[in-house]
Amino acid sequence: RPEELLSEGLRNVGRHFDALIKAERREVHASRGKLEEATRATQHLRLEHAEERANWQAEMRVWHREKESEADLAQQRISMLERQLGDMSAWTDHLKEVQEYRLYGSRQLREQDAQLDRIKQALGDLTDVSYTLLDKGKACAQMENLLLPPTVREEAHSPTVPPAQSTIVCDR
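Because the structure is predicted, anything quoted here is derived from the model rather than measured. (Residues numbered from 1 in each chain as written. Predicted model: local features only at pLDDT ≥ 70, side-chain atom pairs only at ≥ 80, totals over all residues. Heavy atoms only, no water.)

Participant: Looking at this structure, I do not really get the overall build of the protein chain. What am I missing?
Facilitator: When helices and strands are counted, the protein chain shows two helices and zero strands. Within the protein chain, the proportion of its 172 residues that are buried is 3%. A total of about 15,800 Å² of accessible surface is found on the protein chain, and carbon and sulfur atoms cover 58% of it. (Helix = DSSP H or I, 4+ residues; strand = E, 2+ residues; numbered from the N terminus. Buried < 20%, exposed > 50% of the residue type's maximum accessible area, 1.4 Å probe, protein only. Areas by Shrake-Rupley, 256 points an atom, 1.4 Å probe, with all protein chains shown as cover.)

Participant: Explanation requested: a nonpolar patch on the surface in the structure shown.
Facilitator: Taken together, the side chains of Val13, Phe17, Leu20 and Ile21 make up a nonpolar region of the molecular surface, amounting to roughly 350 Å² of accessible area. Inspection of the secondary structure assignment puts Val13 in helix α1 (residues 2–147). Under the relative-accessibility criterion, Val13 is labelled partly exposed at 39%. (Patch = residues over 30% accessible without salt bridge, like charges linked within 9 Å, V, L, I, M, F, W, Y side chains within 5 Å. Salt bridge = Lys/Arg side-chain N within 4 Å of Asp/Glu carboxyl O.)

Participant: Explanation requested: the pattern of salt bridges in the structure shown.
Facilitator: When their charged atoms lie close together, side chains carrying opposite charge are able to pair. Under the definition given, this model contains three salt bridges. As a salt-bridge pair, Arg11 and Glu8 come within 3.1 Å of each other at their nearest N and O atoms. Here Arg11 and its partner Glu8 are both found in helix α1, three residues apart, which amounts to about one turn of the helix. Two residues, Arg15 and Glu8, come together in a salt bridge whose shortest N-O distance is 3.5 Å. Look at Arg15 and you get partly exposed, because its relative accessible area is 45%. Connected through shared salt-bridge partners, Glu8, Arg11 and Arg15 make up one network.

As far as function goes, none of this settles anything; it's purely spatial.
In C-alpha cells form, the structure reads like this:
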C-alpha cells in the first residue's frame, strides 16, 4: 500500500495544487479586472483632468482678457481725468487772470472816480473864483461909473481910447 498511499498523496497534493492554482488564477483574474478597472478609472480621471485643465485655461484666458480690458478702461479713465484736471487747471488760471484784471479795472475805476471828484472840486472852485471875479468886475465897473465924470466914462468905454489910459485901476 505504500504505492497507493504515495499515489493518493500525490493526487491529494495535485488536487491541492490544482485548487491553489485555481484560486491563484481567480485572484489573478480578479486582479486583472481590478487593474483594468483602475486603468479605465485612471484614463477617465486623466481625461477629466485634461478637460478641467482646458476649462481652467480657457477661464484664465477669459479672466485675463477681462482684467486687461478693465485695466485699459481704467487707463482711459485716468487719461480722461488727467485731461479734465489739466482743463480745470487752465480754467482756474484763466479765472484767476480774469479776477486780477477785474481787480485792476476796479482799482482804475476807483482812481478815475477819485480823479473825477478832484476835477469836479477844481471846477467848482474855478466856478466860485469866476463868480467872485465877475462880481468884483461888476463892482469895479459900478465904481468907475460912480467916480468918473460922464465924459471920462464915455471915453473909458470908447473903442478909440485904449484901456491902459484909464485913470481908475481895479484889481480884477
